[in-house]
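Below, each chain spelled out in residue letters.
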Amino acid sequence: MSPSTSLMYQEALSAGDCVAQQLAQDADRYAELGRALRATRFHSAVTVARGSSDHASSYLAYLIMARMGRLVTSLPMSLVTLYKSPLVTRDTLAVSISQSGQSPDVVEPIQYFRAGGATTVALVNDATSPLAQAAEWTMPLHAGKEQSVAATKSFIASMVAGARLVSEWQDDAELRDGLAALPDALRAAAQADWSAAIEVLAPARNIMVVGRGISFPVALESALKFKETSALQAEAFSGAEIKHGPMALIDEGYPLLIFATRGPAQAGLVALADEMRGRGARVLLAAPQDVASRDLTLPTAAIPDLDPIAAIQAFYMMAANLSKARGLDPDRPRHLSKVTKTN
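Computed from a predicted structure; not experimentally measured.

Some words on the overall build of the protein chain
Next up, step 1: For the protein chain, the count of helices and strands is 14 helices and 10 strands.
Next up, step 2: For 343 residues, the compact-globule estimate of 2.2 N^0.38 gives 20 Å, and the C-alpha radius of gyration of the protein chain, at 19 Å, lies within 12% of that figure.
Next up, step 3: Considering only C-alpha atoms, the protein chain reaches an extent of 55 × 40 × 40 Å along its principal axes.
Next up, step 4: Every one of the 343 residues in the protein chain was classed for burial, and the buried ones make up 56%.
Next up, step 5: Of the roughly 13900 Å² that the protein chain leaves accessible, carbon and sulfur atoms contribute 49%.
Next up, step 6: Placing the 31 positive and 34 negative side-chain charges of the protein chain at their respective mean positions leaves the two points 4 Å apart.

Focus on the side chain of Thr138
Next up, step 1: Summarising the element assignment, Thr138 is placed in strand β5 (residues 137-140).
Next up, step 2: Thr138 sits in the buried class, given a relative accessible area of 17%.
Next up, step 3: At a separation of 2.6 Å, a polar atom in the side chain of Thr138 contacts the main-chain carbonyl oxygen of Ala132.
Next up, step 4: When residues no more than four places from it in sequence are discounted, the contact partners of Thr138 are Arg29, Ala122, Val124 and Ala132.

Observations concerning the domain arrangement of the protein chain
How large an interface is tends to be reported as the accessible area lost when its parts come together.
Next up, step 1: Examined at the domain level, the protein chain breaks down into domain 1 (7-188) and domain 2 (192-326).
Next up, step 2: Spacing between the C-alpha centres of domain 1 and domain 2 amounts to 25 Å.
Next up, step 3: On the domain 2 side, the residues contacting the 32 residues of domain 1 number 26 residues.
Next up, step 4: Roughly 2400 Å² is buried in total at the junction of domain 1 and domain 2, and carbon and sulfur atoms are behind 75% of that figure.
Next up, step 5: Looking only at domain 1, the three residues that lose the most surface to domain 2 are Met8, His55 and Tyr59, adding up to 23% of its buried area.
Next up, step 6: Along the contact surface separating domain 1 from domain 2 lie 1 salt bridge.
Next up, step 7: Arg67 is paired through a salt bridge with Asp305; the nearest N and O atoms lie 2.9 Å apart.

Looking at the sheet that holds strand β1 (residues 44-48)
Next up, step 1: Taken in spatial order, the 5 strands line up as β2-β1-β3-β4-β5 in an open sheet, and their pairing is parallel. Two strands lie at the open edges of the sheet, namely β2 (71-74) and β5, each paired on one side alone. Each strand axis lies, on average, 20 degrees off the axis of its neighbour in the sheet, ignoring direction.
Next up, step 2: When β1 meets β2, the two strands line up parallel, connected through 4 bridges. Across the sheet, the residue bridging to Thr47 is Ser74, located in β2.
Next up, step 3: Helix α4 (residues 51-68) contacts β1, β2 and β3 (92-98) of the sheet and is inclined by roughly 145 degrees relative to β3.

What to know about the pairing of strand β6 (residues 206-211)
Next up, step 1: Within β6, 5 of the 6 residues are buried, leaving the element largely enclosed by the surrounding structure.
Next up, step 2: Relative to strand β7 (residues 233-238), β6 runs parallel, the two sharing 6 bridges. The residue of β7 that forms the bridge with Asn206 is Gln233.
Next up, step 3: Considered for its hand, the β-α-β crossover made up of β6, helix α12 (residues 216-230) and β7 is right-handed.

A look at the nonpolar core
Next up, step 1: Counting residues in each nonpolar core, the largest one holds 81 residues, and the members touching the most others are Leu182, Trp194, Phe226, Leu257, Phe259, Leu306 and Phe315.
Next up, step 2: No other element matches helix α14 (residues 307-325), which puts 11 residues into this core.
Next up, step 3: Residues in contact with Leu182, not counting those within four places in the same chain, are Val19, Val160, Ala301, Leu306 and Ile309.
Next up, step 4: Core analysis: the next-biggest nonpolar cluster, separate from the first, contains 19 residues, Tyr254, Ala260, Ala273 and Val291 among them.

Examining the UniProt feature "domain: SIS" (unreviewed entry) in the protein chain
Next up, step 1: Per the UniProt record, "domain: SIS" (unreviewed entry) is annotated on residues 33-175 and 197-333.
Next up, step 2: For residues 33-175, the end-to-end C-alpha separation is 16 Å, with 46% helix and 18% strand making up the annotated structure.

Section: the pattern of salt bridges
Next up, step 1: In the structure shown here, the tally under the stated rule is 16 salt bridges.
Next up, step 2: Across the salt bridge formed by Arg67 and Asp172, the nearest N and O atoms sit 3.8 Å from each other. Of this pair, Arg67 sits in helix α4 while Asp172 sits in the loop between α8 (153-170) and α9 (173-180); the two residues are 105 residues apart in sequence, bridging distant segments of the chain.
Next up, step 3: Its salt-bridge partner being Arg176, residue Glu168 comes within 2.9 Å of it at the nearest N-O pair.
Next up, step 4: Overlapping salt bridges bring together Asp17, Asp184 and Arg187 as one network.

The rules we used
Residues numbered from 1 in each chain as written. Predicted model: local features only at pLDDT ≥ 70, side-chain atom pairs only at ≥ 80, totals over all residues. Heavy atoms only, no water. Helix = DSSP H or I, 4+ residues; strand = E, 2+ residues; numbered from the N terminus. Rg over C-alpha atoms; globule rule 2.2 N^0.38 Å. Buried < 20%, exposed > 50% of the residue type's maximum accessible area, 1.4 Å probe, protein only. Areas by Shrake-Rupley, 256 points an atom, 1.4 Å probe, with all protein chains shown as cover. Lys, Arg positive; Asp, Glu negative; His and termini not counted. Charge placed at Lys NZ, Arg CZ, Asp CG, Glu CD. Polar contact = N/O pair within 3.5 Å; in protein donor to acceptor, adjacent residues only side chain to side chain. Contact = heavy atoms within 4.5 Å. Domains from an automatic or database assignment. Buried area = accessible area lost by both parts, 1.4 Å probe. Salt bridge = Lys/Arg side-chain N within 4 Å of Asp/Glu carboxyl O. Pairing = 2+ DSSP bridges. Axes fitted to C-alpha atoms, helices over the stretch in contact; angles between N-to-C directions. Right-handed = clockwise from strand over helix to strand, strands pointing away. Core = buried A, V, L, I, M, F, W, Y, C linked by side-chain atoms within 4.5 Å. UniProt positions renumbered as here; feature names shortened; annotations may be inferred.

Now the structure itself:
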C-alpha cells in the first residue's frame, strides 16, 4: 500500500511510538493499582465507554474474564444518567475508557460508582478531563493529541492500557514481557500489505466483519471504521452467530472480512471462511502466515492475547487508504466531530 497523507494514516502509523511512550511511564502506578486490585474481593466488573472506547473495553473485558475469572458487563449508561436506577456498586470494579474524558454519560456513572464504594479506574488520554478527575485511579494513555476524527492511536493505546491493568492485577510476567515487545510488533504491523482488501472493498456497498473470542472486539472496531471513514455499511458478528440470521444476507460476491487471530477460536474461523467461499461470498480471511488459506497476512504479537492489538494496527493502515480509494477524506467523516457529548 502506498503511504497516505491523511492524518488518520499518520496517527495510526505513530501507534508503536505512542505505546512505547506509554510503557515508559506510570510503571509504579500500575504496580500499585495491581496490588490494590489483588487485595480487593471483587464480585464483578463493569466497563463504561462509547464507540471505539467501548470496543477497547470489550477487549479488556475478555482479558479480565479469561484471566481473572470475574464477570464483566458493559454498562448501559442510561441506567445511571436517565433512569436513575438504584445499582448496587459495592465490591465492583468500574473501568471507563475514553479519549477525551468529556462526555457526561461517561463521567456521571464513574462518579456514581465511586460514591457507592466501587473501585473506579479511568484509562483516558486527557489526564485533565472531567473523567480523569472523577475516577479514583486515573491512568493516562499518553497517546498525544489526536486530530483525526477517527480514533486510531488512542484506541491502540487504550487496548494496551487495559492489558497493562490485567498484567499487574494478575502479576503475570509473560503478559508484561509481551507488552514490552509491542512497540516493535506494532511498527512491523504498520507495514503489512493489505492492498488486496482495497481492491475488493473500494467498489463495495456493504460488508460483514467477523471475529470470535478475543478477536471479536477488533471486528467491532473495524466495522465502525468502515462506516465512519469509508461510508461502507458494515456489521460485526461473532463467528458463532453468523450462521443464524446473518446467513440470509450472504449472496454471490458478498464481502466478508474474517479476523482469525491465534487461539481456540481460530480453527473455527478458518473453517467458516472456507464455507463462506463455498456459498459465493468474497472472503478476506485475515490470518497469521502459517494459515495457508489466508487472503491477508495477520501480524502477531509476542503472545496470542496481544494479537488483536497488532491486528487492528494493520487494519487501520488499510482503512485510511481505502477511504481515499473511495473518494473520501478519512479525517473528516460526514456529520461527525472529534468529541461527542451525550447524556
